[in-house]
Amino acid sequence: MMRKSFFLVLMVLSLIVRGEDGSRLWLRYDPLSAEKAAEVDQNILHIHADMTKPSLAAGVEELQKAISGFTGRVVPHSTRLQHRSVVMVVGGSRLAGRLGLNAELQAMHRDGFIIRPMVRNRQSYLVIASPTQVGVLYGVFHLIRSIKIDEFSSELTVKSEPKFDVRILNHWDNLNGTVERGYAGRSIWLWNELPGILSPRYKKYARANASVGINAMTPNNVNADPLILSREYLYKVQALANVFRPYGVRMYLSINFASPMVLGGLPTADPLAPAVRQWWIDKVNEIYQMIPDFGGFLVKANSEGQPGPLDFGRTHVDGANMIAEALKPHGGIVMWRAFVYEPDGIDRAKEAYLEFVPYDGQYHPNVTIQAKSGPVDFQPREPFSPIFNGLRKTGVTVEVQITQEYTGWSDHLVYLGLQNAEMLKSETYAFGPGSTVARMTDGSLIPGRVSAFAGVANIGQDANWTGHHFGQANWYAFGRQGWDHTLCPEKIADEWIRQTFTSDPAFREPVREMMMSSLETVIDYMMPLGLHHIFAWDHHYGPEPWCYVPGARPDWLPRYYHQATKEGIGFNRTRTGSGAVDQYEQPLADKFNNLETTPEIFLLWFHHVPWDHKMNSGKTLWDEMAHIYQRGVDSVRSFQKTWDRMEPFVDAERFRHVQSRLRTQIRSAVWWRDAVMLYFQTYSRMPIPLHLERPINDLEYYKQIKLPYLHHN
Ligand code: GCW
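The text that follows walks through the structure, step by step, so that each part is easy to find. (Residues numbered from 1 in each chain as written. Predicted model: local features only at pLDDT ≥ 70, side-chain atom pairs only at ≥ 80, totals over all residues. Heavy atoms only, no water.)

**Some words on the environment of S435**
Argument step 1. Note on placement: S435 falls in the loop between helix 14 (417-424) and helix 15 (437-441).
Argument step 2. Overall, the relative accessible area of 1% leaves S435 in the buried class.
Argument step 3. Each C-alpha atom of the pair S435 and Y353 lies 18 Å from the other, and the pair is 82 residues apart in sequence.
Argument step 4. Look past the residues within four positions of S435 in its chain and what remains in contact with it is S426, E427, T428, Y429, A430, M440 and L445. (Helix = DSSP H or I, 4+ residues; strand = E, 2+ residues; numbered from the N terminus. Buried < 20%, exposed > 50% of the residue type's maximum accessible area, 1.4 Å probe, protein only. Contact = heavy atoms within 4.5 Å.)

Next up, the structure:
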């Protein structure tokens, strides 16, 4: 009794000292209800694992930490198999043989795991087994999660395998500590301190990734500083890789295509020049000597001013294959980005397809073409990029954006698990029905190629890692969807809420509902009906559909995208316009080509539509827009009300933090609604329906908002 109350006092004290800053993410191991604690206490008395294996040792540490947090009891590690043990088993080991698991494990994905109750000699165990140590660690995290979300029992039986082989976070972090499009403070990589000083955050980061199955990362921006490949920086990279290794997070690097010139002093970076090819071979060998399990390179070439093979009269295939050849002997891969567009093109949405699809079949098998999910640029809503139905013999990777560059930064509550799911389950028809974007990229339909899912990270130095507490859900969901893209986003949100806040239905249900409507909400108040890229210049936070910057590339200006005139609005991508519809497979091409059959969510993406066009609701296009913008604003107001009702269930610190951000979000939503409607009204000349809210400022006011210093770091 004494011990118990002492333990409780310690817990409370540590909470007061630590505060509830969100730093524990979804890995919060707080005391369970007596009933749940008893269930754990009865079933998990010991842990048995080969502690010489680093990932198993990490698994034991994690499980001990979790259970002592849940029940106040330290579960001992035991070198013998004992009754009611959690037993960690790696395929091929003597133990796996004794338990008769080898054949089953051999047939599994290397990261997959099974959790299964087993009885041997009248002793019962809960076995966590995988072909690899890291797979066992994934199983441990699964077990911990199931305790938190009430799925645990002595009969827990699971078999789980990832859908994508590479589940990778791309950090857009610069070596000087700033983060491109980062809204959670400065970079977590303290390059100046490395390799000598290892921030405790590195291990926490790796552990959080492992808990959701993320197994790869690039620490540096795709606008890559060549310095990353210098010997000096490779030592720093190596130090990070060593911390990540037990957690199964493999190191990849973003590289600058001109590195042989900048670092190597060569006169060219021409991918066909023998000296250049040798430079890459030598550099890759050097890296593998330092980091034997190095994953490969991510390359942004000939895009937004980055150097690339086109600068030397070569193609993307020449560039990608040259680097792939250097990596191949080591089993490394090249993730070659397809985010390319030229200022003179007639339709930016068509360009990646035009540049990459003609070479289908020529890329080496260890190359994957990494394309943003939509054809333009991470807008609140886009149709899927047609490159996913164009490339049929090449590995293709979907890149999603976890950081909220175009969805209100870390100020707005937007659950992106929904956006990922919408993209991944889009039907491309490339090989007939069932050819979803997920199956075109996970290796099911194009076997023998790289299978990967990439996300641009939203992580920074902020105590809560992601700026907004609900931004954590986007990191979490990315990992869970990379593991299993068939998981429903609602289930993922529910899991996250239960682990991060509470399982109490009075909290969980309304908050889940809020998350589930949050994507539609941001689309409503920013860019509904297929509108896109009417963002303010450079910062991409607020609206600036009127934006004009003398001398700027036309495809960096909103007019290029909305094309508003007195007659109507929208980008004509049909056969009478840019013809982008024909980059889609039938029946989609015809469907998008026809105004009547185009889903209204993509109306202005594919069509230039008269202001008085009759919508499905019976309203004119103009009235419909007015209603939708208002709906978005109303919805954010309802989020505020929902959240305020949640006060009794949340610690004061996180409660106020989210509350203050919802206030910012409603101000932004009103700004968006007013600015966009007032601006387009100068074309439509139609009134805002009288029963809707009136704008609170005039257009001139909104035009003055410039936010020149609107950068979070
Ligand atoms: O969305 C745009 C961003 C750039 C980014 C680029 C890219 C890293 O505005 O900041 O650069 O995309 O994806 O390469």
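**Here we look at the site of the ligand**
Argument step 1. Surrounding the ligand, one finds 15 residues, the nearest of these being E180, K300, K372, D377 and E405.
Argument step 2. Within the side chain of E180, an N or O atom sits 2.4 Å from an oxygen atom of the ligand.
Argument step 3. Protein contacts shield 97% of the accessible area of the ligand, which totals 340 Å² for the unbound molecule.
Argument step 4. Of the residues assigned to the shell around the ligand, the class counts are 4 nonpolar, 3 polar and 8 charged. (Near = heavy atom within 4 Å. Polar contact = N/O pair within 3.5 Å; in protein donor to acceptor, adjacent residues only side chain to side chain. Areas by Shrake-Rupley, 256 points an atom, 1.4 Å probe, with all protein chains shown as cover. Nonpolar A, V, L, I, M, F, W, Y, C, P; charged D, E, K, R; others polar.)

**A look at the packing of aromatic side chains**
Argument step 1. Tallied over the full model, the rule gives 48 aromatic pairs.
Argument step 2. Both rings, one in Y288 and one in F294, keep their centres 5.5 Å apart while their planes meet at 85°; by these two values the pair is edge-to-face. An identical accessibility class is assigned to Y288 and F294; each is buried.
Argument step 3. Taking 6.1 Å as the distance between ring centres and 70° as the angle between the ring planes, the aromatic pair formed by F501 and W643 counts as edge-to-face. (Phe/Tyr/Trp six-rings, centres within 6.5 Å; stacked < 30°, edge-to-face > 60°.)

**Side note on empty space enclosed by the protein**
Argument step 1. Summed over all chains, the structure comprises 7 cavities of 30 Å³ or more.
Argument step 2. Of the voids in this model, the largest cavity is the one considered here, and its volume is about 160 Å³.
Argument step 3. In this structure, the largest cavity is lined by 18 residues; those nearest its centre are S373, F378, Q379, P380 and Q419.
Argument step 4. When residues of the lining of the largest cavity are traced back to their parent elements, those giving at least two are strand 12 (395-401) and helix 14.
Argument step 5. With 4 residues, the top contributor of residues to the lining of the largest cavity is helix 14.
Argument step 6. Class assignment of the residues belonging to the lining of the largest cavity gives a composition of 6 nonpolar, 9 polar and 3 charged.
Argument step 7. What lines the second largest cavity is simply A338, F339, V340, Y341, R348, A352, A371, K372, G374, P375, V376 and S385. (1 Å grid on protein atoms, 1.4 Å probe; cavity = no way out; pocket = protein on both sides within 12 Å on 5 of 7 lines; lining within 4 Å. Points joined across faces, edges and corners; volume = space filled by probe spheres on them.)

**Observations regarding the packing of helix 14 against helix 18 (residues 505-526)**
Relative placement of two packed helices is described by the angle separating their axes and the distance separating the axes.
Argument step 1. Closest axis-to-axis distance for the helix 14/helix 18 pair is 8 Å, and the angle between their directions is 65°. On helix 18, the residues that touch L418, Q419 and E422 of helix 14 are M515, M516 and L519.
Argument step 2. Here the contact of helix 14 with helix 18 is built from residues that sort into 4 nonpolar, 1 polar and 1 charged. (Axes fitted to C-alpha atoms, helices over the stretch in contact; angles between N-to-C directions.)

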